[in-house]
Amino acid sequence: MTATPDVERLASLRAAKDLMDRAYAEPLDLDALAREAGYSRFHFARSFRDTYGLTPRVYLSARRVERARELLRTANLTVTEICNLVGFSSLGSFSARFKGEVGLSPSEYREREIARGGPPPIPGCFVLMWSTPSPQSRRSAAPRARRIVTETLDRKGEP
């Protein structure tokens, strides 16, 4: 039995949406997203908007701002570092997009969140170590670092 066209269409669009959720910090363009879905770029943009109510660009930007909000609350990084970590190439466009979605500038948002209290910020060097892709594989260094920590802990338990 074959899947209905709507189910196939949703699966294709979901693949591109998952790519944006997974690789939001990468420089994703419409061609790469459309290729992931198996559509032409214009058909993909129309179908994505019809299905999710947002254009791919707006969805990706919202995902990046969502991650930036988390980092501003929890990490001891500069706004510029956060801007680059979440995939924006320009501090000005990041700040404008952030203020448009949140209603506050990134710095004002951080100040408000610090005033509300919460967990102490994670040191910036730690965040950068766990989130920066390695130059060889373009994947996160986190799995390798976790393996090293696990192996070290395992060795400590040995006689």
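Below, the structure is looked at part by part. In this text, all values refer to a predicted model and were calculated from it rather than measured experimentally.

A short note on the pattern of salt bridges
Using the criterion set out here, one finds eight salt bridges in the structure. Here Arg63 makes a salt bridge to Asp21, at a shortest N to O gap of 4.0 Å. One end of the pair, Arg63, is in helix H4 (residues 56–74); the other, Asp21, is in helix H1 (residues 5–22), and 42 residues separate them in sequence. Residue classification places Asp21 among the partly exposed positions, given a relative accessible area of 22%. You can call Arg63 buried: its relative accessible area is 18%. Connected via shared salt-bridge partners are Asp21, Arg63 and Glu66.

Side note on helix H6 (residues 91–102)
For an α-helix, 3.6 residues make a turn, and residues three or four places apart therefore share a direction. For H6, with twelve residues, the first-to-last C-alpha span of 16 Å sits near the 16 Å given by 1.5 Å per residue. Looking one or two residues beyond H6, the residue adopting positive phi is Gly103, at roughly 95°.

Re the side chain of Arg110
Along the chain, Arg110 falls in helix H7 (residues 106–116). Buried charge Arg110 goes without a salt bridge, the closest partner of opposite sign being Glu81 at 7.3 Å. Engagement of the side chain of Arg110 in a polar contact is seen with the backbone oxygen of Leu77, the distance being 2.6 Å. Apart from the residues within four sequence positions on either side, Arg110 is in contact with Leu71, Leu72, Ala75, Leu77, Thr78, Val79 and Ile82.

Parameters and conventions
- Residues numbered from 1 in each chain as written.
- Predicted model: local features only at pLDDT ≥ 70, side-chain atom pairs only at ≥ 80, totals over all residues.
- Heavy atoms only, no water.
- Salt bridge = Lys/Arg side-chain N within 4 Å of Asp/Glu carboxyl O.
- Helix = DSSP H or I, 4+ residues; strand = E, 2+ residues; numbered from the N terminus.
- Buried < 20%, exposed > 50% of the residue type's maximum accessible area, 1.4 Å probe, protein only.
- Expected span 1.5 Å × (residues − 1).
- Lys, Arg positive; Asp, Glu negative; His and termini not counted.
- Polar contact = N/O pair within 3.5 Å; in protein donor to acceptor, adjacent residues only side chain to side chain.
- Contact = heavy atoms within 4.5 Å.

The analysis is restricted to geometry; functional conclusions fall outside its scope.
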